[in-house]
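# Residue-level structural notes
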Amino acid sequence: MARHLDWEAARGRGLHSDSLHDLAGLAFEVAEDAPLQRVLSHVARNVTDLPGVLYGGVYLLGDDATTLQLEGWHGLTAEYLKVMREMPLDLASGTAATGPPNVRAVLTATTILVPDVFAETELGPWLPLFRPQGFRGIAAVPMTAPDGAVIGSVTAYLAKGAAPGPADLPVLEELGRLATAVTLLVRRREADRAAVEGLRADVDRAAARMAEQRRLGAVERAALRLSADGAGLAPVVRTLTDGLGVALTVLGPTGEVLAGDPRGDGRVSASMHVNDDQTMTLQAAVPPQTPPDEPVPWSLDGAALIVELELRRLDRDADIESRLTKDLVADLLSPAAMRHRDAVFGRAVALGHRPQHAHDVVMVALPEVESGGDPTAGVARAHRRVVALTGTVRPRPVVGSVGSHVVVLNPVPTDDRPPGAEGTTRALAARLAAAIAGARVLIGPRARTLADAPHAFDVASRAVQLLTRRSAGVIDMTDLGVPGLLLQSAQPEALRELAERTLAPLVRNDAERGGRLLATLRAWLAAGMSTPETARTMVVHVNTVNYRLRRIGELTGLQPSRPADLIQLQLALTVAEISGSIPPGALRN
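Everything numeric here is computed off the predicted structure, so don't read it as measured data. Starting from 1, residues in each chain are numbered consecutively following that chain's sequence as written. A pLDDT threshold of at least 70 governs which residues receive local features in this predicted model, and a stricter bar of 80 or more applies before side-chain atom pairs are shown or counted, although totals over entire chains, interfaces and linings include all residues. Values shown for side chains rest on all heavy atoms present in the structure; no hydrogens or waters enter the calculation.

Each patch is assembled from residues with relative accessible area greater than 30% and no salt bridge, linking like charges that lie within 9 Å and nonpolar side chains (Val, Leu, Ile, Met, Phe, Trp, Tyr) that lie within 5 Å. Using a 1.4 Å probe, the Shrake-Rupley method yields the accessible areas, and only the shown protein chains count as cover for residues. Take a side-chain nitrogen of Lys or Arg and a carboxyl oxygen of Asp or Glu: if they are within 4 Å of each other, that pair is a salt bridge. Judged by side-chain polarity, L224, L305 and L309 come together as a nonpolar surface patch covering roughly 260 Å² of accessible area. Along the chain, the position of L309 falls in helix 8 (residues 295-332). You can call L309 partly exposed: its relative accessible area is 41%. Every helix listed is a DSSP run of H or I at least four residues long, and every strand listed is a run of E at least two residues long, numbered separately from the N terminus. Buried means the residue's accessible area, taken with a 1.4 Å probe over protein chains only, is under 20% of the maximum for its type, while exposed means over 50%, and partly exposed covers the values in between.

What follows is the structure, given as structure tokens:
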């Protein structure tokens, strides 16, 4: 028979003068913001102050409300703690009458007393764990919140023979209510702390966002000042790029890069309407997964507006300048206007040009003209585009239009730059060809001063009439040698007829027989009429080259070894290359 220990009668004996004697210490724990586990372990220690109690434990319902998790303990062995912490008690493992006492207390919301756990057959799975601990009975009281919800259980592990009577259990139940109160208090405190921390974090984020927005506002104002000062598109975009910390790229209507990162691989885009005919794009390389309400993505709209304003300013300035320079070009190329050369040169100087400087004549043939459309269609638009593209070039080119072509009088650099280097006429021609879809660009003769421009333009205007849509994007007359000089006096139609009549037998032979006579002629002329060098270039035997040269003479009636015949062959080949009249691939080695 179990020995009865009266807890109420045990008060005042030995060390345990009062089962609730440490409430002041518990209140101190709560006041000191101790974590919940520490507070509940204090409650568990109070449980062990009761006579006959070996260990104490406080179990709380998990977040899923299906398991009991050991959250506070005192006296339990490390092995027991390890099992209970890693394997929470499943509420489905008990009923109102069977199963672990703490589970039953939660399910029934009543106090459960099991004097001898080893007499309970349904506790068989837990008995191997219980036996090494040395306790015999378990008393469990529910932790019931004011709203009636059970949130856990306070459990006393009893020594053998300790079986409290009905008058003793209220002491343990009082500890259960105490555990409930401190649990709800600490949870509320933790929830309030989390809410305060969340509010503080929100305030910090808002303050950081405001500071970042103020900084970005300063960046935008700096960019606007540059635009107002006429610094140009590149400095404006560079200032925005540095300030936003992301790579920006401005793309033109056909996707060409106008300013910024030349890679143009931005993930976020904004459209900019510069005028009725042009829509530009601002791209920003914003990192992936960046929220759209972050300051940098949000400020891209402002950046796009600033860039759009700068593009509109440039377009307006280009339109004004195109009208002024168009008239200037017309006067420079007009013998009547040049009778008053000093007045014309004075206007040129006022517009930032250098009349006494050497200029290359560059002519831009537009695709609308080549396709047989309206001769003036698109000329004004292309003229403004060329003015915009050359706006930052120094010394400044003179840009205008004559008939169906855009004309550029480009100053020759005074330093020794290699052909094609930045600032040279070839670099400018390549840029124009790339920026104006379908355009063909001819680099004509060089005028020693702007007073010589009419003659150079006259020569270039003859050569440009040979261009077709099959011509190369850029043709430089300075590379043509003697044939280039002959172009200065001959009429374009006569040159086309000469080229067709001279080369037709070779074109027909190569097409019908798969020959390489045209390619051989071109390689031979390029090699300075050296047969061995031609053979090395074409990777054939010298005898093969000699045979082909003889066949060229037989088919055309012109002997490459005779100077007069050689000039005709070279001129015909040059005209054919300019006009693109030779079939593709016929001239490849």
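Now that the structure has been shown, we can carry on.
What follows covers the side chain of T531. Looking at the secondary structure, you find T531 in helix 17 (residues 531-538). According to the relative accessible area criterion, T531 is buried, its value standing at 14%. Note on contacts: a residue pair is in contact if any heavy atoms of the two residues lie within 4.5 Å. In this structure, T531 is in contact with W524, V542, V545, N546 and L549, ignoring residues within four places of it in sequence.

Here we come to the sheet that holds strand 14 (residues 440-447). Where strands meet in a sheet, backbone hydrogen bonds hold them as pairs that are either parallel or antiparallel. The five strands are arranged 12-13-11-14-15 in an open sheet whose pairing can be described as mixed. Looking at the sheet topology across the chains shown, the edges are occupied by strand 12 (398-402) and strand 15 (474-476). With direction set aside, neighbouring strand axes in the sheet form an average angle of 25 degrees. Relative to strand 14, strand 11 (residues 359-365) runs antiparallel, the two being bridged by six bridges. Each residue of the ladder has a partner; that of A365, found in strand 14, is R440. For every element, the axis is a line fit to its C-alpha atoms; helices are fit only across the contacting stretch, and the angle between N-to-C directions ranges from 0 to 180 degrees. Across the sheet, helix 11 (residues 379-389) lies against strand 12 and strand 13 (405-411), angled at about 170 degrees from strand 12, the strand it touches most. Across the sheet, helix 13 (residues 453-464) lies against strand 11, strand 12, strand 13 and strand 14, angled at about 150 degrees from strand 14, the strand it touches most. Each pair of strands is called paired provided DSSP finds at least two bridges between the two strands.

All of the buried residues in helix 9 (residues 341-350) are V344, F345 and A348. Buried residues in helix 9, looked at end-on, bunch into an arc of 95 degrees, giving them a common side. Across helix 9 from its buried face, at more than 90 degrees, point the exposed residues D342, A343, V349 and A350. Immediately beyond the C-terminal end of helix 9, within one or two residues, lies G352, with a positive phi of roughly 90 degrees. Starting at the helix axis, one direction is taken to each C-beta atom, and the arc is that of these directions.

This next bit is on the packing of helix 16 (residues 517-526) against helix 18 (residues 542-556). Interaxial distance between helix 16 and helix 18 falls to 10 Å at its minimum, and their mutual angle equals 110 degrees. Taken together, helix 16 and helix 18 sit at an angle that is classed as roughly perpendicular. Touching L517, T520, L521 and W524 of helix 16 are V545, R548, L549, R551, I552 and L555, all from helix 18. Three classes are used: nonpolar for Ala, Val, Leu, Ile, Met, Phe, Trp, Tyr, Cys and Pro, charged for Asp, Glu, Lys and Arg, and polar for all others, with Gly counted as polar. Per-class residue counts for the contact of helix 16 with helix 18 are seven nonpolar, one polar and two charged. What sets the label is the angle itself: under 35 degrees gives roughly parallel, over 145 gives roughly antiparallel, 65 to 115 gives roughly perpendicular, and the rest give oblique.

Glancing now at the packing of aromatic side chains. Geometry of aromatic contacts follows a simple scheme: Phe, Tyr and Trp rings, the Trp one being its six-membered ring, pair when their centres are within 6.5 Å, and the pair is stacked under 30 degrees between planes, edge-to-face over 60, tilted otherwise. Counted under the stated rule, the structure contains six aromatic pairs. An aromatic cluster of at least three residues, connected via ring pairs, comprises Y55, Y80, F130, F135 and Y157.

This brings us to unusual backbone geometry. A positive phi angle is found at A65, which is not glycine, with a value near 60 degrees. Note on placement: A65 falls in the loop between strand 1 (53-61) and strand 2 (67-74). Unlike most non-glycine residues, V539 shows phi in positive territory, near 55 degrees. If you trace the backbone, V539 turns up in the loop between helix 17 and helix 18. Since its relative accessible area comes to 72%, V539 is described here as exposed.

A separate point is the packing of helix 2 (residues 36-48) against helix 6 (residues 169-228). The interhelical angle for the contact between helix 2 and helix 6, taken along N-to-C directions, is 170 degrees, at an axis separation of 10 Å. In terms of orientation, helix 2 and helix 6 fall into the roughly antiparallel class. Counting all contacts with helix 2, which are made through L36, V39, L40, V43, N46 and V47, the residues of helix 6 involved are L172, L175, A179, V182, T183, V186, R187 and E190. Along the lines of polarity and charge, the residues of the contact of helix 2 with helix 6 split into ten nonpolar, two polar and two charged.

Once that is clear, we can look at empty space enclosed by the protein. In this analysis a 1.4 Å probe is tested at points of a 1 Å grid over the protein atoms alone, and where it fits but cannot get out there is a cavity; an open set with protein on both sides within 12 Å along at least five of seven lines is a pocket; lining residues have an atom within 4 Å of a point. Grid points are joined across faces, edges and corners, and a volume is the space filled by probe spheres set on the points. Counted under the stated rule, the structure contains three cavities of 30 Å³ or more. Of the volumes computed, that of the largest cavity is approximately 70 Å³. Lining the largest cavity, in full, are Y80, M84, L89, P100, P101, N102, W126, F130, I138 and Y157. Partitioning the lining of the largest cavity into residue classes produces nine nonpolar, one polar and no charged.

Moving on to the sheet that holds strand 2. Strands sit in the order 3-2-1-6-5-4 across an open sheet of six strands; the sheet is antiparallel. Each having just a single partner strand, strand 3 (89-90) and strand 4 (112-114) make up the two edges of the open sheet. As judged from the eight bridges shared by strand 5 (residues 137-144) and strand 6 (residues 150-158), these two strands associate in the antiparallel manner. From the neighbouring strand, P142 faces strand 6, where its bridge partner is S153. Here helix 6 sits on the sheet in contact with strand 1, strand 5 and strand 6, set at roughly 45 degrees to strand 5.

What follows covers the pairing of strand 14. Counting buried positions over the eight residues of strand 14 gives seven, a clear majority of the element. Where strand 14 meets strand 15, three bridges bridge the pair, whose relative direction is parallel. From the neighbouring strand, I443 faces strand 15, where its bridge partner is D476.

Summed over all chains, the structure comprises 16 salt bridges. Close ionic contact of D33 with R193 constitutes a salt bridge, the shortest N to O distance being 3.3 Å. Taken as a pair, D33 in the loop between helix 1 (23-31) and helix 2 and R193 in helix 6 lie far apart in primary sequence, 160 residues in all. According to the relative accessible area criterion, D33 is partly exposed, its value standing at 41%. The closest approach of N and O atoms between R200 and E197, which form a salt bridge, is 2.7 Å. Here the residue R200 and the residue E197 both occupy positions in helix 6, the gap between them amounting to three residues, near one helical turn.

Here strand 1 lies mainly inside the structure; seven of its nine residues are buried. Summarising the sheet, strand 1 and strand 6 pair through seven bridges and their orientation is antiparallel. Across the sheet, the residue bridging to V53 is L158, located in strand 6. Bridge analysis of strand 1 against strand 2 gives six bridges, and the strand direction is antiparallel. In the sheet register, L60 faces strand 2, and the bridge partner there is Q69.

This part takes up the environment of A218. As for its position among the elements, A218 is in helix 6. The exposure class assigned to A218 is partly exposed, which follows from its relative accessible area of 35%. On a C-alpha basis, the gap between A218 and G243 in space is 8.8 Å, while along the polypeptide they are 25 residues apart.

Spatial relationships are all this shows, so hold off on functional conclusions.
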